[in-house]
Amino acid sequence: MKIFLIVLAVLGLLIGTILITPVSIIIKTDKGEKIKFLYKIFFKTFAEKQKRKKKTSPILNSIKKTIGISNFDKESIKQRIKTDGLPETLTESFAVIKNLLKRISDNLGYLRVKKLRINIVCAEGDAAATAICYGICCAVVSPLLAYLHSSLRINKRKEEISINCDYDSKDSKFDFEIELSVKVFRIIIAYFRIACDQAKRKSNKS
């Protein structure tokens, strides 16, 4: 009986430890300048499986269906900057990021931002145009930062915001990385809640 209780206590301790283990959700631009999802638990990082859509988590599917992040899967940020310009690309990208973080926060509850990095280089090939682009970009970034600081807990030591001008180039650049931290039990609860919601929608349609 004592051995059984000890084993039960050890199992309970292990399960409790796993449930409160923090998991990192990383949203960043990859080398191809597309928005990418990564998951990190302990010291292991997992990438989103693009080819196997059936294996993708319902949380991620739910997010992508309601937010315009799929547009960046088809066309890279670099291509959008060339066609739409840097200010327009930033406006659209930050709208997606804001809605994405709100959706994740609604589904998972309490979130902490472990790392926030935004790097913007304004380069329009002309000093005046580059200066105007810089001013617009600063105005676009400010609302996003205000939202992040008011809605999420951010690690100040890991916050890096860089907006610079390159007067010798015509190629503007933009990349970012946001790392969120959430406990495993919140992900499990959100997973089953969204799965149940999707099952109810399917049953209502049928």
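Note: the structure precedes this text.
Keep in mind that what you see is a predicted model, and the values were worked out from it rather than measured.

Conventions adopted
- Residues numbered from 1 in each chain as written.
- Predicted model: local features only at pLDDT ≥ 70, side-chain atom pairs only at ≥ 80, totals over all residues.
- Heavy atoms only, no water.
- Buried < 20%, exposed > 50% of the residue type's maximum accessible area, 1.4 Å probe, protein only.
- Helix = DSSP H or I, 4+ residues; strand = E, 2+ residues; numbered from the N terminus.
- Arc of directions from axis to C-beta.
- Polar contact = N/O pair within 3.5 Å; in protein donor to acceptor, adjacent residues only side chain to side chain.
- Contact = heavy atoms within 4.5 Å.
- Phe/Tyr/Trp six-rings, centres within 6.5 Å; stacked < 30°, edge-to-face > 60°.

### Observations concerning helix H4 (residues 77–84)
Here comes step 1: Buried within H4 are the following residues: Ile77, Arg80 and Ile81. Viewed end-on, H4 has its buried residues packed into an arc of 105°, placing them on one side of the element. Exposed residues lying more than 90 degrees from the buried face of H4 are Lys82 and Thr83.
Here comes step 2: Just downstream of H4 lies Gly85, where phi reads positive at about 95°.

### Considerations on the side chain of Thr89
Here comes step 1: Tracing the backbone shows Thr89 in helix H5 (residues 86–108).
Here comes step 2: Separated by 3.4 Å, the side chain of Thr89 and the backbone nitrogen of Ile81 make a polar contact.
Here comes step 3: Here Thr89 is in contact with Ile77, Arg80, Ile81 and Asp84, once residues within four sequence places are set aside.

### Looking at the packing of aromatic side chains
Here comes step 1: Applying the stated rule across the entire model yields 2 aromatic pairs.
Here comes step 2: Summarising the aromatic geometry, the rings of Phe94 and Phe174 are spaced 5.6 Å apart at their centres and angled 90° between planes, so their arrangement reads as edge-to-face. Note that Phe94 is positioned in helix H5 and Phe174 in strand E7 (residues 173–183), a separation of 80 residues in sequence. Of the two residues, Phe94 and Phe174, both sit in the buried class.
Here comes step 3: Geometrically, the ring pair formed by Phe174 and Phe176 is stacked, given 5.8 Å between the ring centres and 20° between the ring planes. Take Phe174 and Phe176: they sit in the same class, and that class is buried.

Geometric descriptors of this kind do not, in isolation, establish any biological role.
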